[in-house]
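Listed here are the chains, written in short residue letters.
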Amino acid sequence: MRIIRIYLFLICTALIGPFLGANFAHAGDGKEAAAAQVQFLETAFSNDVPGHKTLWIDKALKKDVKKILRHDYGALRVRYWQNGTRTVWVLEEIGKYKPITVGIVINEGAIEKLEVLAYRESHGWEVRHDFFTHQFIGARLPKDKKLDRNVDGISGATLSVRALKKLARLALYFDAQVQTNE
Amino acid sequence: MAMMKTILARTILAGLPAALALSAQAGEVVPSPEEMWKIIQAQQARIDALETELAETQVETFEVKKGVEAIADATETSGGSGWYNNTQIGGYGELHYEGGAKDELDFHRFVLFVGHDFTENIRFFSELELEHAIAGEGKVGEIELEQVYVEMDIGQNAHVYAGMHLVPVGLLNETHEPPTFYGVERNAVEKNIIPATWWEGGVGINGNVGDSGFSYAAMVSSGLNLNTANGYKIRSGRQKVGIAQFKSQAYSGRLAYSGILGLNIASSIYYQPDVTQKVGDSISGEDVSAFLWESHIDAKYKGFGLRALYANWSLDGAEASVSGRDKQSGFYIEPSYKLGVPMGPLDDAQIGVFYRYSDWDNEAGLDNNTGVKRSVFGVNYWPIDDVVLKMDYIIEDKDSGGASNKSMNLGVGYQF
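Residue numbering note: each chain is counted from 1, following its sequence as written. Following the order in which they are written, the chains are lettered starting with A and the ligands numbered starting with 1. The predicted origin of the model limits local features to residues at a pLDDT of at least 70 and limits the giving and counting of side-chain atom pairs to 80 or more, whereas totals for whole chains, interfaces and linings rest on all residues.

**Brief notes about the overall build of chain B**
Here is step 1: Put simply, DSSP marks the helices as runs of H or I at least four residues long and the strands as runs of E at least two long, and each gets a number from the N terminus on. Along its length, chain B carries four helices and 16 strands.
Here is step 2: In summary, chain B has a C-alpha radius of gyration of 37 Å against a globular reference of 22 Å for 416 residues, an excess of more than 25%.
Here is step 3: Each principal axis of the C-alpha atoms in chain B carries an extent, and together these give about 130 × 45 × 45 Å.
Here is step 4: Burial is judged by counting other C-beta atoms within 10 Å of a residue's own C-beta: 20 or more means buried, 12 or fewer means exposed, and anything between counts as partly exposed, with every C-beta placed from the backbone. Relative to its 416 residues, chain B shows a buried fraction of 33%.
Here is step 5: We call two residues in contact when the distance between their C-beta atoms, placed using the backbone, is within 7 Å. Look at the contacts in chain B between residues 6 or more apart in sequence, and 55% of them connect residues 24 or more apart. As defined in this context, the radius of gyration uses C-alpha atoms, and a globule is described by 2.2 Å times the residue total to the power 0.38.

Next up, the structure:
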C-alpha cells in the first residue's frame, strides 16, 4: 500500500510539475538560454543587432576583473555588442554551484537593463524577478569599482544576489574599457 | 583602379607647368617633360607594389585574427570534456568556543558537498559531515551523510528527487552555512523542536509557480522513531536513514512566498501516521500519529533584518500524554542590523548585531514548568562574504527556576 502511494505521488508530481513551471520563461536548458540571449539582444537593439565585438582580457584588465569577481575571469576574451554609447554584455557567474547567465544593457555608463537569461540552481530563483533586477537600473561604477547604490538582498538567495552584483559591476567595468578605447 | 591612375596622372601633369615655373624661379635644374613622365611612371609602379603589399597584409591580418580566435577557443576549452567539468565541490565549517560552565573548544562541523551533473536535467548532490572533529568507537564525534539524492528537472521550473534529503521545514534546516545566520550555535528552537538538522530518505518535488512569488516543496519519506526508550522527545527520534524503520512513512510539505523584495514567509507541515513504527503506544497499543506545523518569516530592509519562527508538534499517544510530550512547541524572534565596514583590502567587510529571544518546551502537554527561555545577543563580523567571526552572550532560564545559565561564546565559520 505504501509503495502504491509513493508511486501515485511520483506520477502526480510528474504530471503537475510541468504545468506548474510551464509559464516561466527562463530555464537553465542550453537551447532556451541561447534563445533568451537572442531575444535579449533583439530587444536591446530594436531587432537590428550589430555584429559582436571582442574585448581581450589583457594583463591590466585581468587584475581589475579578479578584484571584482574575486577569481579569474576564466576566459581570454569577452564578446559584446555595441551601437554608439550602448553596449550589451552576456556574462556568467556561479551562484552556489551553477552558472547564472545574465544579459546587461549599458548606455552612457549606466545600466539600462539587467535580465537573468538562464538560472540553473534549484534555490535562490527569486533573483529573476523584476522587483530585484530593477534595482540595478541606472547603476554606475565609480572609481572604486563598487556600484553607486545599495542593492537589497533576498532571504535564502545570498549567493545568487552576490553573483548578480558582481556581473553588474563587471559589465560596467568592461563598458568603461571599450568606451575609453574608442 | 585604371580610372584612378589616369586621374592621378592628369592631375600631376596639370600641375606640372606651375611646378616648373616655381622651380625655374628658384634657379633649380628643371627636368624635361620626358624625364617627369619617367618619374611619374616609376612612382606609379611603386604605388602599385604598395597596394599589392597592403592587400596581402590585409589577408594575412584576417588569417592571424582567425588563428588567434581559434587559439582562444582551444585555450578556453582546454579543460576537455571529462566528468570533472560537470562536478562541483563545496563545503562549510565552524569552530566554536563555548564559555560558561562548558568552557569548551569544539570544531563543531566540517562539511563537504559534492555534486555532479549527469546531464543538463539530471544531477546528483551529496553532503558529508564530520561533527566534533573526531569520530570512531568511543569518540565524541560522528561522521554523517546528511544528503545524497538524484534530482531531475521536470518541466521548466520543477524538480523531483529521490534519495536522502533535508526535510522542507524551518529556516535553518535547509540553509545552515555559518555565514548565513547570527549566533555561534544554531538557534535552540529549530534544534530542539523541529529538529534541525533533519533529513529523511524518500522522494520529493520542489519548484515555483511562475512569476507569482510562490514556491512549494513536498516529500514522502522515512520518518521519526519515537518510543519509551527515547521518551518521545522529537530530536531523539531522528533515525538519520541508518537502517531506519520504514513501517510508517511520513508526508511533509512547504508553501512559501517571496514575491516582495526582502520578504520570505513560509509554512510547513509534517504528518506521520505512527511515530512508533508499528510498535504501538505502550499504554493503549495503538498507533501514535504526529503532526508538525511550522511557520516563519525572514525579512530584510536596508540593513535591518527580522527572523521569527513558530513550531508546534502534536502527538496523540497515551504515553506521550503522560509525560507531557504530546505537545512540543517553541518560537523565536530575532531582530538584527547589518552595515558595511570597509577597511583597506577588506572592502566588502560587514558587521551585524542581533538579539534573539527563544522560548521552547518539549513537555508542553503538562503545566509542569518545563519550558526554557533563552536570550542571545551578539555580533557577527564578515571580513568577506564567505567568512564570519562571531561572538554572543547567552542567558538561559528554565521555568522550573534556579540560577540563570550564562555563557560567552566565540566562533569562526566559512563556506565555499
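**Observations concerning the confidence of the model for chain B**
Here is step 1: On a range of 0 to 100, pLDDT expresses the predictor's confidence in each residue. Mean pLDDT over chain B stands at 91; residues scoring 70 or higher make up 92%.
Here is step 2: For this predicted complex, the interface confidence score (ipTM) comes to 0.76, while the overall pTM stands at 0.81.

**As for the domain arrangement of chain B**
Here is step 1: For chain B, the assigned domains read domain 1 (2–23 + 32–72) and domain 2 (97–326).
Here is step 2: Each domain's extent was defined by an automatic or database domain assignment. For domain 1 of chain B and domain 2 of chain B, the distance between their C-alpha centres works out to 81 Å.

**Concerning the sheet that holds strand E4 (residues 99–107) of chain A**
Residue and element names in this part refer to chain A.
Here is step 1: Pairing within the open sheet is antiparallel, and its five strands lie in the order E1-E2-E3-E4-E5. Of all strands in the sheet, those bounded by a partner on one side alone are strand E1 (53–56) and strand E5 (110–118). Geometrically, the sheet is characterised by an average inter-axis angle of 30 degrees between neighbouring strands, direction not taken into account.
Here is step 2: The pairing criterion is simple: DSSP has to find at least two bridges between the two strands. Here E1 pairs with strand E2 (residues 77–83) via four bridges, running antiparallel. Across the sheet, lysine 53 pairs through a bridge with tyrosine 80, a residue of E2. In this analysis an axis means a line fitted to C-alpha atoms, helices contributing only their contacting stretch, and an angle means the value between N-to-C directions, from 0 to 180 degrees.

**As for the nonpolar core**
All names here are of chain B.
Here is step 1: Joining buried Ala, Val, Leu, Ile, Met, Phe, Trp, Tyr and Cys residues through C-beta atoms within 7 Å gives a set, and that set is a nonpolar core. Ranked by internal contacts, the top residues of the largest apolar core, which has 45 residues, are Val167, Val189, Ile193, Ala290 and Leu315.
Here is step 2: Taken together, the elements giving at least two residues each to this core come down to strand E4 (142–154), strand E5 (158–166), helix H3 (188–192), strand E6 (199–208), strand E7 (214–221), strand E10 (290–301), strand E11 (304–315) and strand E13 (350–361).
Here is step 3: A total of five residues in this core trace back to one element, the largest contributor, which is E5.
Here is step 4: If near-sequence neighbours (up to four positions away) are discounted, alanine 290 is found in contact with Leu224, Gln272, Val275, Trp313 and Leu315.

**Points about the pairing of E13 of chain B**
Residues and elements named next belong to chain B.
Here is step 1: Pairing of strand E12 (residues 327–340) with E13 involves ten bridges; the strand directions are antiparallel. When the bridges of E13 are listed, serine 336 appears paired with phenylalanine 354.
Here is step 2: With eleven bridges joining them, E13 and strand E14 (residues 372–384) adopt antiparallel strand pairing. Following the sheet pairing, isoleucine 351 is matched in E14 by tyrosine 381.

**Remarks on the pairing of E12 of chain B**
Here is step 1: Where E11 of chain B meets E12 of chain B, eleven bridges bridge the pair, whose relative direction is antiparallel. Bridge pairing in E12 of chain B places leucine 306 of chain B opposite proline 335 of chain B.

**Quick notes on the environment of alanine 42 of chain B**
Residue and element names in this part refer to chain B.
Here is step 1: Within the fold, alanine 42 resides in helix H2 (residues 33–76).
Here is step 2: Overall, alanine 42 belongs to the exposed group, with 10 C-beta atoms counted inside 10 Å.
Here is step 3: Separated by 288 residues in the primary sequence, alanine 42 and glycine 330 place their C-alpha atoms 100 Å from one another.

**Here's the deal with the packing of helix H3 (residues 59–69) of chain A against helix H5 (residues 158–181) of chain A**
Residues and elements named next belong to chain A.
Here is step 1: Put simply, H3 and H5 touch, their axes get as near as 9 Å, and they point 160 degrees apart. Classified by the interaxial angle, the pair formed by H3 and H5 is roughly antiparallel. Considering the relative orientation of H3 and H5, their crossing is right-handed. Along the contact surface, H3 presents Leu61, Asp64, Val65, Ile68 and Leu69, while H5 presents Lys166, Arg169, Leu170, Tyr173 and Gln177. Each angle is binned into one of four classes, with values under 35 degrees roughly parallel, values over 145 roughly antiparallel, values of 65 to 115 roughly perpendicular, and all other values oblique. Left-handed is the label given to a crossing in which the near helix is rotated counterclockwise from the far helix by less than a right angle, and right-handed is the label when the rotation is clockwise.

**A few points about unusual backbone geometry**
Here is step 1: With omega at 5 degrees, the peptide bond leading from isoleucine 194 of chain B into proline 195 of chain B counts as cis.
Here is step 2: Locating proline 195 of chain B in the fold gives a position in the loop between H3 and E6.
Here is step 3: The peptide bond linking alanine 196 of chain B to threonine 197 of chain B adopts the cis configuration, its omega dihedral lying at -5 degrees.
Here is step 4: Checked against the element boundaries, threonine 197 of chain B lands in the loop between H3 and E6.
Here is step 5: Even without being glycine, lysine 145 of chain A reaches a positive phi, approximately 60 degrees.
Here is step 6: With respect to the secondary-structure elements, lysine 145 of chain A resides in the loop between helix H4 (130–133) and H5.
Here is step 7: Positive phi, close to 45 degrees, is recorded for isoleucine 243 of chain B, a residue that is not glycine.

**Quick notes on the environment of arginine 162 of chain A**
Residue and element names in this part refer to chain A.
Here is step 1: Its location among the elements puts arginine 162 in helix H5.
Here is step 2: By the C-beta count within 10 Å, which is 21 here, arginine 162 ends up buried.
Here is step 3: In this structure the C-alpha to C-alpha distance between arginine 162 and glutamate 42, which are 120 residues apart in sequence, comes to 27 Å.

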